[in-house]
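One letter stands for each residue in the lines below.
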Amino acid sequence: MLAAISHQARHTLFEIQYGVHLTLGSVWAVFTDFRRRDVVEQMDILGAGSFGIVALTGLFAGMAMGLQFTVELSVYGAKDYLGKMVTVSIIRELGPVLTALMVAGRVCSGMASELGVMKVGRQVDALKVMGINPVAKLVMPRMLAVLIMLPVLTVLADAVAVVGGYFAGAVVGKLSWSTYWAAVDQGLTVQNLVGGVVKPVVFAWIIGAVGCTSGLLSEGGTRGVGRATTQAVVKASILILISNFIVGFVVLKMLGWA
Amino acid sequence: MIRFEQVNFSYEDETQILHDVTLQIPNCSTLALLGASGSGKSTLFHVLLGLLKPQSGRVLVDDMDIVPLKERKLTEVRRRMGVVFQDGALFDSLTVGENVSFHMRECMDLSEEEMEARVQEGLDYVGLGHAMDMMPGELSGGMRRRVAVARAMAAFQPAIMLYDEPTSGLDPITADTICDLIRKVSTEECLTSIIITHRLKDAFKVADRVALFKDGRVYYEGTPESLMDSDDEYIQRFVA
Ligand SMILES: Nc1ncnc2c1ncn2[C@@H]1O[C@H](COP(=O)(O)OP(=O)(O)O)[C@@H](O)[C@H]1O
Ligand SMILES: [Mg+2]
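Criteria and thresholds
- Residues numbered from 1 in each chain as written.
- Chains lettered and ligands numbered in written order.
- Predicted model: local features only at pLDDT ≥ 70, side-chain atom pairs only at ≥ 80, totals over all residues.
- Heavy atoms only, no water.
- Helix = DSSP H or I, 4+ residues; strand = E, 2+ residues; numbered from the N terminus.
- Rg over C-alpha atoms; globule rule 2.2 N^0.38 Å.
- Buried < 20%, exposed > 50% of the residue type's maximum accessible area, 1.4 Å probe, protein only.
- Contact = heavy atoms within 4.5 Å.
- Areas by Shrake-Rupley, 256 points an atom, 1.4 Å probe, with all protein chains shown as cover.
- Lys, Arg positive; Asp, Glu negative; His and termini not counted.
- Charge placed at Lys NZ, Arg CZ, Asp CG, Glu CD.
- Near = heavy atom within 4 Å.
- Polar contact = N/O pair within 3.5 Å; in protein donor to acceptor, adjacent residues only side chain to side chain.
- Buried area = accessible area lost by both parts, 1.4 Å probe.
- Salt bridge = Lys/Arg side-chain N within 4 Å of Asp/Glu carboxyl O.
- Nonpolar A, V, L, I, M, F, W, Y, C, P; charged D, E, K, R; others polar.
- Disulfide = S-S within 2.5 Å.
- Patch = residues over 30% accessible without salt bridge, like charges linked within 9 Å, V, L, I, M, F, W, Y side chains within 5 Å.
- Expected span 1.5 Å × (residues − 1).

Student: Describe the overall build of chain B, with residues and values.
Tutor: Along the backbone of chain B there are 9 helices and 10 strands. Expected size for 240 residues packed as a compact globule is a radius of gyration near 18 Å; at 18 Å, chain B falls within 12% of this value. Its C-alpha atoms give chain B principal-axis dimensions of roughly 55 × 40 × 35 Å. For chain B, buried positions account for 54% of its 240 residues. Contacts in chain B between residues at least 24 apart in sequence constitute 63% of all its contacts with a sequence separation of at least 6. Total accessible area computed for chain B in this model is approximately 10700 Å², and 48% of it derives from carbon and sulfur atoms. Chain B carries 25 positive and 39 negative side-chain charges, and their two centres are separated by 3 Å.

So, in structure tokens, the structure goes:
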């Protein structure tokens, strides 16, 4: 039992170490062995497949928030503030987290299975033998693509969600666009925007690092790849939720609580 | 010339896989590496490619020890090697043609036409001229190995060819086709080759010498004929 725990701990430490190694290797590759075609290809795969689900997620999250807040705020006669409430909760929390979780579900599993198949099928070795650095060819483009695309997708989700909040407010609370928008404007403070941009960057790194690490460390044939794939999504999701709290805390601490 | 000198290797879990392996493959000759599965054949293969570092011993490729080499230097050595991995290791997101041209595209300055011509030539050579635009997933096992041979030979003219179980999982007729191809490749080009196999018949078809592996040790080395004539009990069981 104890031995099993210590083995697991050592394995986790190794995974973290490997994730850091891949990250540093990717940063190095951006400057020394940049592969534009692969980056663009990965961005395309990631973006094209994700815009739809992210927009849909944003829309319904925004409408749900709008609905609940309209009802609650009306009790205090404060439904004119709906825009601010929705904006703050979406930009600071729901937008980045939901987008990252959706993308993790799609992309992290995709990375892990693709790279896992390449690993166990010796395609990674084939690359090395041809003198091609697998980190530069496989990992860097994936990491960079999420790093660029996740903030973009998050802003999209935020925007759609704010509009969704208005739909709910208009239907349930008979709110006008100008009232709603004025309140949204109040919500767009520096703190919120900074937090809203820092989070996707951190989450993107988690998704890229976890996906690539799980894939390249998978062992034991196709079953191993399957295991790595599901575990990658779970690990990434949990890390996203934990780091969401930490980043939120740090940003508020650094920029003031108000 | 390839020479292994007292190579010892263990993976991270510290069970020793290769024990004092010493082997020599002269230029323009073919060695068949025989042995039960799990005896360490692929491990030796990956040591030769520099993918694994042995804990002790030397691995000489044309008198240069590759064990201490860094990745950059290794790449130069590997350029002289054509490698066919177990099951081919084709990139399955690319077409057959792209697989064969992959190395050229990444490492050489060639025009599209030149590249296409060389790919066509390579695929014709292995008898798969028509398969250029197919995906690896659509190929049979034997076709995958043949594409892997074409890919291994495409970019740089290799002086050394390495095959890891090129015939396993194939029907006897297809396996013979692959062996004929290997034979053709190594005689026409005077290549130094190592072919891992557990089919004795392959060894007879392609190899000048055979080495029989047992539990990470070279158990026997000699010509295929002398292997057959040996009265050692394990060898008898292996060749039976
Ligand atoms: N990555 C690895 N980590 C630990 N042990 C391994 C690894 N790869 C292979 N082995 C072990 O090394 C031994 C030899 O494997 P291998 O060289 O693949 O044999 P062969 O190719 O002769 O079938 C086997 O017992 C196998 O379990
Ligand atoms: Mg093997």
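Student: Summarise the site of ligand 1; cite the residues concerned and give the values.
Tutor: Residue and element names in this part refer to chain B. Every residue close to ligand 1 is listed here: Tyr-11, Ile-17, Ala-36, Ser-37, Gly-38, Ser-39, Gly-40, Lys-41, Ser-42 and Thr-43. Take Tyr-11: an N or O atom from its side chain is 3.3 Å from a nitrogen atom of ligand 1. With respect to ligand 1, the side chain of Thr-43 contributes an N or O atom lying 2.5 Å from an oxygen atom. Coverage of ligand 1 by the protein amounts to 61% of the 560 Å² it exposes when considered alone.

Student: How would you sum up the interface of chain A and chain B? Please name residues and give values.
Tutor: Counting residues at the interface gives 16 residues for chain A, matched by 18 residues for chain B. Contact between chain A and chain B buries roughly 1500 Å² in total, counting both sides, with carbon and sulfur atoms accounting for 66%. Its largest share of buried area at the contact with chain B, chain A owes to Gln-123, Val-129 and Met-130 of chain A, together 42% of the area lost on that side. Run the count over chain A and chain B and you get 2 salt bridges. Its salt-bridge partner being Glu-106 of chain B, residue Lys-137 of chain A comes within 2.9 Å of it at the nearest N-O pair. One can count 6 residue pairs in polar contact (both at pLDDT 80 or more) joining chain A with chain B. Elements that contribute at least two residues to the side of chain A that touches chain B include exactly helix 3 (82–120) and helix 4 (123–129) of chain A. Considering every element that reaches the side of chain A that touches chain B, the biggest residue donor is helix 4 of chain A, with 6 residues. Classifying every residue of the side of chain A that touches chain B by side-chain character gives 7 nonpolar, 3 polar and 6 charged.

Student: Got a sec to walk through the state of the cysteines? Specific residues and values, please.
Tutor: All names here are of chain A. Evaluated as defined, the whole model comprises 1 disulfide over all chains. Its sulfur unpaired, Cys-108 is 8.3 Å from the next cysteine sulfur, which belongs to Cys-212. Classification of Cys-108 as buried rests on a relative accessible area of 0%.

Student: Now, about a negative patch on the surface: what can you tell me, with residues and values included?
Tutor: Residues and elements named next belong to chain B. A cluster of acidic side chains, namely Glu-98, Glu-113, Glu-114, Glu-116 and Asp-133, defines a negative patch on the protein surface. Examining the composition of the negative patch, we find that 3 residues originate from one element, helix 4 (residues 112–125), more than from any other. Assignment of secondary structure puts Asp-133 in the loop between helix 4 and helix 5 (141–154). Asp-133 sits in the exposed class, given a relative accessible area of 67%.

Student: How would you sum up helix 6 (residues 172–189) of chain B? Please name residues and give values.
Tutor: Residues and elements named next belong to chain B. Here helix 6 spans 26 Å end to end across 18 residues, near enough to the 26 Å set by a 1.5 Å rise per residue. Here helix 6 has its buried residues at Ala-175, Asp-176, Ile-178, Cys-179, Leu-181, Ile-182, Val-185 and Ser-186. If you follow the buried residues of helix 6, they end up packed against strand 3 (30–35), helix 4, helix 5, strand 7 (160–164), strand 8 (192–196) and helix 7 (200–206). Residue Cys-190 follows helix 6 closely and has a positive phi angle near 50 degrees.

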